[in-house]
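Fold and geometry: a report
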Amino acid sequence: MAHLPQIKGVAPRPLDRIGVIGGGTMGAGIAASCLLAGLDVTLIERDEQATARAQATVGDLLAGAVSRGKLAAARRDAILAGAFRTDTDYAALGQADLIVEAVFESMEVKEQVFAAIDRVAKPDAVLATNTSYLDVDRIADATRRPRDVIGLHFFSPAHVMRLLEVVVADRTAPEVVATGFALAKRLGKIAVRAGVCDGFIGNRILSHYRAAVDAMVLDGASPQQVDRALTDFGFAMGPYAVSDLAGLDIGAMTRQRKAADRHPRDRVPVFADRLYEQGDLGRKTGRGYYVYADGKPQPNPDLPAILDAVRADLGITPRDFDDAEIVARTMAAMVNEAARTVADGTALRPLDVDVVMLNGYGFPRWRGGPMLWADAHGLDRILADIRRLSQEDDHFWQPAPLLADLVADGRQFADLNQGTSA
Ligand code: NAI
């Protein structure tokens, strides 16, 4: 994607030696992705046990690539014998051209890690974070070289998913941005520039439509109905099946982290916390919104009682939602937040939102992306839906000014895609 005016004609920095910090789900996937692209990788973990685990995970990912015919077995052996190393000492990153951090999602931990990277990285090394939500400007402040700091937000599994959000912080140097895009190209990934905010492009929009579906479940829909309505619409998976796949602990941690900043009128999916508290974490425990035994996943039989109790506590009389209403609300929430994301520059163009949602979030490809879908569906209809829903909840359902302006001017999101290419 060479359309970024900011990096037109800017040469990227060299990219041969990659450092990865953290060898969990993402770090191991990022390491494998780089190794498969022929790069040299040094991965840092906390102790010997964790380095051994990371080494084994990366070995498994490469073995998977061999069995899918993507990598020759001899090449895999050569990578494991030469191009890939693990270590517990950050000093091993002294020669790295680009270092990607993929440790726990905690500002405190990331600040410590970036201070440590700052001490060992060579001048002009690119220092990247794979954070999902955290403020990249603040992470950059933990170093004495904020110009070199950038967000590189990979998706899970990182050696398979093609999307990369390149998160440009306030002080990120143009050649560092160019290097982020060059890395994506080297890895065969699709890069989209994103600005700093809570969740960048994709997770910010995801948080918003999750809030809309969770509100419907609080008010009477079942998670299974929501999943069915949205897979019928064309999503690869419904949001509750996705929760089970990611692990319900991830959502619970995110809610805990954000609890202090929560608006009193934000609605909390208490039912998700109840499942988490009883240890139903999704696929990894065999039970979440669904029960995973042999055959087709079945709805968790505990859910109706949990939902009844949560609704009774909140004084909610459950109501029915038809599938069309579920889709209308989900899409209205998605399009509305996407409009805000474009208006404040987090996404440069509506097209970038579509690329992110199609390649990172299972949005139905044949519908072109939420922005293209919105233009075809009619922005006036979506705005009318949001205004109707604001009578029910005028905190969540506030029309994005950009959406209202486009409708007033008889324009579409597609009109905003022009004029920004270099
Ligand atoms: P994880 O818990 O699987 O792995 C984190 C790893 O970091 C652990 O192996 C831990 O031992 C290691 N670690 C912690 N502190 C360390 C330190 N000081 N030095 C070296 N290693 C250290 O977590 P996961 O899922 O891989 O997430 C990592 C980051 O990637 C988080 O910021 C997360 O928000 C982000 N992310 C996660 C995605 C996902 O789907 N899991 C998707 C995109 C981003």
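In this text the structure is predicted, and so the values were computed from the model without any measurement.

1. Overview of the overall build of the chain
Within the chain one finds 17 helices and 10 strands. Since a compact globule built from 422 residues should have a radius of gyration of about 22 Å, the 22 Å found for the chain is in line with a globular shape. In terms of its C-alpha atoms, the chain occupies a principal-axis envelope of roughly 60 × 50 × 40 Å. Counting over 422 residues, the chain shows a buried share of 54%. Surface exposure of the chain reaches about 18200 Å², of which carbon and sulfur atoms provide 52%. Counting 48 positive and 56 negative side-chain charges, the chain places the averaged centre of each group 4 Å from the other.

2. Here's the deal with the pattern of salt bridges
Applying the stated rule across the entire model yields 33 salt bridges. With a shortest N-O distance of 3.2 Å, R228 and D323 are connected by a salt bridge. One end of the pair, R228, is in helix α8 (residues 223-233); the other, D323, is in helix α13 (residues 323-343), and 95 residues separate them in sequence. The partly exposed category is assigned to R228, whose relative accessible area is 43%. A salt bridge links D273 to R255; the shortest N-O distance between them is 2.9 Å. Here D273, found in helix α11 (residues 270-277), pairs with R255, found in helix α10 (residues 248-258); they are 18 residues apart in sequence, far enough to count as distant.

3. Thoughts on a nonpolar patch on the surface
On the surface, M237, V242 and L245 cluster together to form a nonpolar patch covering roughly 240 Å² of accessible area. Secondary-structure assignment places L245 in helix α9 (residues 239-246).

4. Overview of the site of the ligand
If you check the shell around the ligand, you find 21 residues, and the closest are M26, E45, E105, K110 and S132. At a separation of 3.1 Å, a nitrogen atom of the ligand approaches a polar side-chain atom of Y90. Residue S132 places a side-chain N or O atom 2.7 Å away from an oxygen atom belonging to the ligand. Relative to its unbound accessible area of 840 Å², the ligand is 79% covered by the protein chains. Of all the secondary structure elements, the ones that give two or more residues to the shell around the ligand are α1 (25-36), α4 (107-120) and β6 (149-154). The class makeup of the residues in the shell around the ligand is nine nonpolar, eight polar and four charged.

5. A few points about the packing of α10 against α11
Running from amino to carboxyl end, α10 crosses α11 at an angle of 120 degrees, the nearest separation of the two axes being 9 Å. Our classification of the angle between α10 and α11 gives oblique. Where α10 crosses over α11, the two elements pack in a sense that is left-handed. Of the residues in α11, those touching α10 at L248, D249, A252, M253, R255 and Q256 are A272, D273, L275 and Y276.

6. Comments concerning the nonpolar core
As a rule of thumb, soluble globular proteins bury nonpolar side chains together. Counting residues in each nonpolar core, the largest one holds 88 residues, and the members touching the most others are F271, Y289, V353, F363, I382, L403 and F413. The greatest single-element share of this core, amounting to 10 residues, is contributed by α13. Sequence-distant contacts of I382, defined by excluding residues within four places in its chain, comprise A332, V335, W373, A374, H377 and L403. Counting 45 residues, the second largest nonpolar core, distinct from the first, contains I30, F84, L164 and V168.

7. Details of the sheet that holds β6
The mixed open sheet is built from eight strands, whose spatial order is β3-β2-β1-β4-β5-β6-β7-β8. Every other strand in the sheet has two partners, leaving β3 (84-87) and β8 (190-195) as the edge strands with one partner each. On average, each strand axis in the sheet is tilted by 25 degrees relative to the strand beside it, whichever way the strands run. As paired elements, strand β7 (residues 163-168) and β8 share six bridges and run parallel to each other. Directly across from E165, in β8, lies its bridge partner V192. Sitting on the sheet, α4 touches β1 (17-21), β4 (98-101), β5 (126-129) and β6, and the angle it makes with β5 is about 165 degrees.

8. Observations concerning the side chain of D354
For D354, the position within the fold is in helix α14 (residues 350-360). Among buried charged residues, D354 stands out as having no salt bridge; its nearest opposite-charge side chain is R349, 9.7 Å away. For D354, the residues in contact, after removing those within four places along its chain, are G368, G369, P370, M371 and L372.

Reading guide: rules and limits
- Residues numbered from 1 in each chain as written.
- Predicted model: local features only at pLDDT ≥ 70, side-chain atom pairs only at ≥ 80, totals over all residues.
- Heavy atoms only, no water.
- Helix = DSSP H or I, 4+ residues; strand = E, 2+ residues; numbered from the N terminus.
- Rg over C-alpha atoms; globule rule 2.2 N^0.38 Å.
- Buried < 20%, exposed > 50% of the residue type's maximum accessible area, 1.4 Å probe, protein only.
- Areas by Shrake-Rupley, 256 points an atom, 1.4 Å probe, with all protein chains shown as cover.
- Lys, Arg positive; Asp, Glu negative; His and termini not counted.
- Charge placed at Lys NZ, Arg CZ, Asp CG, Glu CD.
- Salt bridge = Lys/Arg side-chain N within 4 Å of Asp/Glu carboxyl O.
- Patch = residues over 30% accessible without salt bridge, like charges linked within 9 Å, V, L, I, M, F, W, Y side chains within 5 Å.
- Near = heavy atom within 4 Å.
- Polar contact = N/O pair within 3.5 Å; in protein donor to acceptor, adjacent residues only side chain to side chain.
- Nonpolar A, V, L, I, M, F, W, Y, C, P; charged D, E, K, R; others polar.
- Axes fitted to C-alpha atoms, helices over the stretch in contact; angles between N-to-C directions.
- Parallel < 35°, antiparallel > 145°, perpendicular 65-115°, else oblique.
- Left-handed = near helix turned anticlockwise from the far one by under 90°.
- Contact = heavy atoms within 4.5 Å.
- Core = buried A, V, L, I, M, F, W, Y, C linked by side-chain atoms within 4.5 Å.
- Pairing = 2+ DSSP bridges.

Purely spatial values, then, with no claim about function.
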